[in-house]
Amino acid sequence: MSVLPILRWPDPRLAEICSPIDDITPEIETLAADMLETMYAAPGRGLAGPQVGAMRRIFVMDTGWKEGKSDPIVCINPMLQEISEERATAEEGCLSIPGVTAQISRPAQVQMVWTGLNGGRYVQGFAGFAAVCVQHELDHLDGVVTFDHLTTADRSDLIAKYQAQ
Ligand code: NI
């Protein structure tokens with residue numbers, strides 16, 4: 001396994017829509033292992049394919065590892081099936097936008113379906129920080145980053161703060 005370089009905004013690859021994964025090849029297995037290692041090294045709780053230049057619909061997530069409750073998941077071709085009407089606002093950071101965070105409102109609970117590395121189909125509900133994380137990582141697969149959720153004024157302010165670092 002290896003730690004991969006993490007792309008930083010405004011790398012144009014972070015604004016692209018990623019393509020589905022048709023087959024779980026050895027290359028995809030290696031990519032998933034490298035993405036997990038890269039995420040832990042960062043250190044972060046989620047990492048999406050395009051953040052390491054892999055323009056495919058895959059992300060890795062482990063929301064509890066920093067608290068000693070490691071539960072890594074590899075999500076291939078993830079999709080939201082249900083989203084709650086209730087919304088929640090959380091402060092979100094991003095490994096590709098280091099040094100700044102944004103307050104973002106999203107559905108508070110979501111149900112996601114995805115394919116695992118073993119080819120199995122998974123369906124799971126997420127709430128709290130995990131719901132934020134899966135929506136944040138899904139956004140990356142569609143070329144969306146935290147800045148894109150902000151009003152024009154807030155976006156300009158935060159980008160200026162990011163670029164002034
Ligand atoms: Ni991110």
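Conventions used here
Residues numbered from 1 in each chain as written. Predicted model: local features only at pLDDT ≥ 70, side-chain atom pairs only at ≥ 80, totals over all residues. Heavy atoms only, no water. Salt bridge = Lys/Arg side-chain N within 4 Å of Asp/Glu carboxyl O. Buried < 20%, exposed > 50% of the residue type's maximum accessible area, 1.4 Å probe, protein only. Helix = DSSP H or I, 4+ residues; strand = E, 2+ residues; numbered from the N terminus. Pairing = 2+ DSSP bridges. Axes fitted to C-alpha atoms, helices over the stretch in contact; angles between N-to-C directions. Contact = heavy atoms within 4.5 Å. Donors = N, O, S within 2.8 Å, 3.2 Å for Na, K, Ca; no water. Expected span 1.5 Å × (residues − 1). Arc of directions from axis to C-beta. Polar contact = N/O pair within 3.5 Å; in protein donor to acceptor, adjacent residues only side chain to side chain. Phe/Tyr/Trp six-rings, centres within 6.5 Å; stacked < 30°, edge-to-face > 60°.

1. A closer look at the pattern of salt bridges
Charged atoms that come close allow side chains of opposite charge to pair. Inspection of every chain in the model, using the stated rule, returns six salt bridges. Note that D11 and R13 form a salt bridge whose closest N and O atoms lie 2.9 Å from each other. Residue classification places D11 among the buried positions, given a relative accessible area of 16%. We classify R13 as partly exposed; its relative accessible area is 34%. Of the charged contacts in the structure, one is a salt bridge between R45 and E67, with a shortest N-O distance of 2.7 Å. Of this pair, R45 sits in the loop between α1 (26-41) and β1 (46-48) while E67 sits in the loop between β2 (58-61) and β3 (73-83), and the two are 22 residues apart along the sequence. On the basis of relative accessibility, which here comes to 23%, the residue R45 falls in the partly exposed class.

2. Regarding the sheet that holds β1
Note on sheets: strands pair through backbone hydrogen bonds, and any given pair is parallel or antiparallel. Pairing within the open sheet is antiparallel, and its five strands lie in the order β1-β2-β3-β6-β7. Taken across any chain shown, the strands that pair with only one partner, and hence form the sheet edges, are β1 and β7 (121-127). In this sheet, adjacent strand axes meet at a mean angle of 40° when their direction is disregarded. Where α1 meets the sheet, its contacts fall on β1, β2 and β3, and the angle it forms with β2 comes to roughly 40°. Against the sheet, helix α2 (residues 128-141) contacts β1, β2, β3, β6 (109-115) and β7, and its axis sits at roughly 155° relative to β2.

3. Structural notes on the coordination of the nickel ion
The protein atoms that coordinate the nickel ion are C94 (SG), H136 (NE2) and H140 (NE2), at distances of 2.1 to 2.2 Å. Motif for the nickel ion, donor spacing along one chain: C-x41-H-x3-H. Of the two residues, C94 is situated in the loop between β4 (87-92) and β5 (102-107) and H136 in helix α2; the sequence distance between them amounts to 42 residues.

4. Some thoughts on helix α3 (residues 152-163)
Under the 1.5 Å per step criterion, the end-to-end length of α3 is 16 Å for 12 residues, consistent within 8% with the ideal 16 Å. Within α3 the residues assigned to the buried category are L158, I159 and Y162. In an axial view of α3, the angular spread of the buried residues amounts to 100°, which keeps them on one side of the axis. Exposed residues on α3 whose side chains face more than 90 degrees from its buried face are A153, D157 and K161.

5. So, the side chain of S96
Mapped onto the fold, S96 is located in the loop between β4 and β5. Within the structure, S96 has its side chain in polar contact with the backbone oxygen of L7 (distance 2.8 Å).

6. Topic: the packing of aromatic side chains
Under the counting rule described, the total for this entry stands at six aromatic pairs. Judged by centre distance (4.7 Å) and plane angle (75°), the ring pair of W9 and F147 falls under edge-to-face. Here W9 is found in the segment before α1, whereas its partner F147 is found in the loop between α2 and α3, with 138 residues between them in sequence. With a centroid separation of 6.0 Å and an interplanar angle of 65°, the aromatic rings of F147 and Y162 are classed as edge-to-face. Within this pair, whereas F147 is found in the loop between α2 and α3, its partner Y162 is found in helix α3, the two being separated by 15 residues in sequence. For F147, a relative accessible area of 0% gives the class buried.

Everything listed here is a matter of geometry and, on its own, says nothing about what the molecule does.
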